[in-house]
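Architecture at a glance
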Amino acid sequence: MRVSESFTLANDMTCAGDGMVIVADNLTVDLGGHTLTGPGMGPQTWPLPQLDSVGVRVGGHTGVTIRNGKTTAFSTGIYFIDMVSSSIESVTTLRNRFGFYIHASQKITVKDSDVEFNIYGLHLQSSDDSVLTNNLLARQTYNSPGGYGLYLYASSRNRITDNTIDSNINWGIWFSDAKENVIFHNNVVGNNPPVSDNTEGSNVWYDKQTKEGNWWADYKGKDADNDSIGDTPYPILGPGGMVDPYPFVAKDGWKTKRRSTIDHYEPAAARPPRAITLVALAGGSAYTARPGDDRATLRIPDVAQIAMGTDERTLYAASGKTVMAQDIVTGETRDRSSYSVDGIVAANRDGHSVLVVGPQGAEQRDLTTGQSEFFNYHGSPEVLAPSYKHNHVFVATPRGIDLLYLNLGGRTPYTIPLDGAPTAMVMAGSGTRIYAAIAGQPLVDVVDTEQYAVVDRITTDVVPTSLAISPREDVLYVGSTSGVEAVTIRDRSVVSSAAFLGSVVDLAVSPNGDQLYVALAGLSHAIAVLDAPRLRVAHVIELDNDPSRILVASY
């Protein structure tokens, strides 16, 4: 149905393709409480929007309002593109692939609507100055990517208030390259995880005037002064230690709050530096050293692979099909298990599972319960990056980055295409970006871990062979055969560099952000300790053999 003037729908509609296509400005479509039913959600098209069938499709118009009804079983419930000053009001969208997809639009209002049981909930992409208020964004299902309630990508100055973001199977709120947005008076409960924000210091998670934030169901703080606001901040996952400084202690707390906020918030003092132990894989053994040591000490002989646990102190050392878990601080061996797979080792982000991925398959073992599960994988893994979603892993292979789905029997439904074979891969601490060095090219591809696509490229002065990223996600360290460069991610400027006689084979950054560790092979086998980001060599730790891998334990 092509719509060129305002009208009210008189009955339900069942649609073989699009339900309605709006072709004029300044009109209102009142669905009259009725339902538009589509032919089904269609196949996965991520990272592109799925537009095989759209309940209401509008593009290139202004002043359009869609209200008072339901869209279900479409590829996308409502799709706005290149829209200005338009709105979605009191619409329920159910069991679509995308609930609402707002794309390249400005000044859009979405209010009083229910977005439930879709694969993707409410999605804003390259859309600014919008208002999202009083919506239920709940129970989006999993068909990764997806499962999130609210997703903002490259979108700025949006106001997000009075929404309930409830029981989405993955992220409640995911912000990626989203800046200057304001988020307060929202209920966030039952999502896994609740929130991620990869733009340091830009988005504001409270109302500056009233000093009121959001209700987070997993908030553990107290309200000793009974002002309905927690006395300690709620941490937002992502770089820079961002917080909601004024979290409510009860759902809808802003509706019953009777007194002004008593302001306890003070920006966190700088954390004391964490103790560091370096772990190097060299000559088939694991060595450890403190940054000031002159020589590394043999820790575990006969080792082929090493990985660091999410607690940043448990070392996983693999020899053949046996993996040992050892506490770097105490030396206690916590587990020694045999696997059916010989391959790359990584710690899953659930904090208690270990992954081994090889060309003959993949196996995950829960070290708490001892339960093991095998997955049918036949790629050529070189580097692993477990996702924050726990149920899949990014696997660098010569053909790109495989998505290894652990919840679907090890199925690999998609490979993220890159500009060439990756020679190194590192995931940012927030989990929202992967940086992949491209073989033979002075290039690093930047992959968004929810877009599942290369969203940016960083050209370098050298051909990268190893990568590391600062804890604040503002500096990318690029290793090459001859040295290291520190490149700012925001403006791509080279802030410092260092040259070595040996070849740089791996990099690692202190969680304090103040040191870079460089594994050197060839003319010298050693670990160089550099001040970061200036890259002045402060110390050199000798090794008995050429290293191939370097990790940082901190505590």
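Further up the page is the structure itself.
My aim in this report is to walk through the structure given alongside it, one point at a time. Everything numeric in this text was worked out from a predicted model, so none of it was measured.

1. Focus: the overall build of the protein
The secondary structure content of the protein amounts to 1 helix and 54 strands. In terms of C-alpha radius of gyration, the protein reaches 25 Å, essentially the compact-globule figure of 24 Å for 555 residues. The C-alpha extent of the protein, read off along each of the three principal axes, is 80 × 55 × 50 Å. When contacts within the protein are restricted to residue pairs at least 6 apart in sequence, those whose partners lie at least 24 apart make up 44%. Carbon and sulfur atoms make up 48% of the accessible area of the protein, which amounts to about 21100 Å² in all. Charged side chains of the protein number 43 positive and 61 negative; the gap between the two group centres comes to 3 Å.

2. Some words on the pairing of strand β32 (residues 322-327)
Buried residues dominate β32, accounting for 5 of its 6 residues. When strand β31 (residues 314-319) meets β32, the two strands line up antiparallel, connected through 6 bridges. Residue pairing in the sheet places T314 in a bridge with D327 of β32. Where β32 meets strand β33 (residues 333-338), 5 bridges bridge the pair, whose relative direction is antiparallel. If you follow Q326 over to β33, its bridge partner there is T333. The antiparallel pairing of β32 with β33 creates a hairpin that spans 5 residues between the two strands, and G331 there sits at a positive phi of about 80°.

3. Description of the side chain of E212
Counting through the fold element by element, E212 comes out in the loop between β23 (195-197) and β24 (215-216). A residue is classified by how much of its surface remains accessible, and E212, at 11% relative accessible area, is buried. A polar side-chain atom of E212 sits 2.6 Å from a polar atom in the side chain of H185. At 3.3 Å, the side chain of E212 and the side chain of K257 are in polar contact. Contact partners of E212, with chain neighbours within four places excluded, come to F184, H185, Y206, D207, I229, Y246, F248, W254, K257 and T261.

4. Points about the packing of aromatic side chains
Per the counting criterion, the structure on display carries 14 aromatic pairs. Three or more aromatic residues joined by ring pairs form one cluster here, namely Y79, F98, Y101, Y120, Y148, Y151, W171 and W174. It is R95 that lies over the ring of F117; its NZ or CZ is 4.9 Å from the centre. The positively charged end of R365 is found above the aromatic ring belonging to Y339, 4.8 Å away from the centroid.

5. Points about the sheet that holds strand β34 (residues 344-347)
Taken in spatial order, the 4 strands of this open sheet run β34-β35-β36-β37, and their pairing is antiparallel. What marks the edges here is a single partner per strand, and that holds for β34 and β37 (372-375). On average, each strand axis in the sheet is inclined to that of its neighbour by 15°, with strand direction left out of account. Pairing of β34 with strand β35 (residues 353-358), which is carried by 4 bridges, proceeds in the antiparallel orientation. Directly across from I344, in β35, lies its bridge partner V357.

6. Remarks on the side chain of N96
As for its placement among the helices and strands, N96 is situated in the loop between β10 (84-94) and β11 (98-103). There is a polar contact of 3.1 Å between the side chain of N96 and the backbone nitrogen of A73. Of the polar contacts made by the side chain of N96, one reaches the backbone nitrogen of F74; its length is 2.8 Å.

7. Structural notes on the pattern of salt bridges
Two side chains with opposite charge may pair up if their charged atoms get near one another. For the coordinates displayed, the defined rule picks out 24 salt bridges. Ionic pairing is found between D448 and R433, a salt bridge with its closest N-O pair at 2.6 Å. Taken together, the positions of D448 in strand β44 (residues 443-448) and R433 in strand β43 (residues 433-438) put the pair 15 residues apart, joining distant regions of the chain. Note on D448: relative accessible area 0%, which makes it buried.

8. Quick look at the sheet that holds strand β54 (residues 547-554)
Sheet strands pair via backbone hydrogen bonds, and the direction of the pair is either parallel or antiparallel. Strand order in the open sheet formed by 4 strands is β29-β28-β27-β54, and the pairing between neighbours is antiparallel. Both edges of this open sheet fall to β29 (297-300) and β54, since each of them pairs with a single strand only. The mean inter-strand angle of the sheet, taken between neighbouring strand axes irrespective of direction, is 35°. Here strand β28 (residues 285-289) pairs with β29 via 3 bridges, running antiparallel.

9. Quick look at unusual backbone geometry
Going from N192 to P193, the amide bond is cis rather than trans, its omega being 0°. Mapped onto the secondary structure, P193 falls in the loop between β22 (187-189) and β23. Residue A532 is joined to P533 through a cis peptide bond whose omega torsion reads 5°. A positive phi is found at S167, a non-glycine position, where the angle reads about 60°. With respect to the helices and strands, the residue S167 is situated in the loop between β19 (164-166) and β20 (173-176).

10. Topic: the environment of S380
Tracing the backbone shows S380 in the loop between β37 and β38 (383-386). The exposure class of S380 is partly exposed, given its relative accessible area of 43%. Not counting the four nearest positions on each side in its chain, S380 is found in contact with A396, T397 and P398.

11. Examining the environment of G479
As for its placement among the helices and strands, G479 is situated in strand β47 (residues 475-479). Take G479: its relative accessible area is 0%, and that puts it in the buried class. G479 sits 312 residues away from S167 along the chain, and the two C-alpha atoms are 42 Å apart. Other than its neighbours up to four places away in sequence, G479 contacts V463, P464, T465, S466, V484, V504 and L507.

12. Observations regarding the pairing of strand β52 (residues 526-531)
Counting buried positions over the 6 residues of β52 gives 6, a clear majority of the element. Where burial is concerned, the two faces of β52 agree: the one with A526, A528 and L530 and the one with I527, V529 and D531 are both buried. Relative to β52, strand β51 (residues 515-521) is paired through 6 bridges, and the arrangement is antiparallel. Counted as the bridge partner of Q515 is D531 from β52. If you look at the hairpin formed by β51 and β52, you'll find 4 residues sitting between the two strands, and G522 has a positive phi there, around 100°. Pairing geometry for β52 and strand β53 (residues 536-542), over 6 bridges, is antiparallel. Looking at the pairing, A526 lines up with E542 of β53. Two successive antiparallel strands, β52 and β53, enclose a turn made up of 4 residues, where L535 displays a positive phi of approximately 65°.

Calculation notes
- Residues numbered from 1 in each chain as written.
- Predicted model: local features only at pLDDT ≥ 70, side-chain atom pairs only at ≥ 80, totals over all residues.
- Heavy atoms only, no water.
- Helix = DSSP H or I, 4+ residues; strand = E, 2+ residues; numbered from the N terminus.
- Rg over C-alpha atoms; globule rule 2.2 N^0.38 Å.
- Contact = heavy atoms within 4.5 Å.
- Areas by Shrake-Rupley, 256 points an atom, 1.4 Å probe, with all protein chains shown as cover.
- Lys, Arg positive; Asp, Glu negative; His and termini not counted.
- Charge placed at Lys NZ, Arg CZ, Asp CG, Glu CD.
- Buried < 20%, exposed > 50% of the residue type's maximum accessible area, 1.4 Å probe, protein only.
- Pairing = 2+ DSSP bridges.
- Polar contact = N/O pair within 3.5 Å; in protein donor to acceptor, adjacent residues only side chain to side chain.
- Phe/Tyr/Trp six-rings, centres within 6.5 Å; stacked < 30°, edge-to-face > 60°.
- Lys NZ or Arg CZ within 6 Å of the ring centre and 35° of its normal.
- Axes fitted to C-alpha atoms, helices over the stretch in contact; angles between N-to-C directions.
- Salt bridge = Lys/Arg side-chain N within 4 Å of Asp/Glu carboxyl O.

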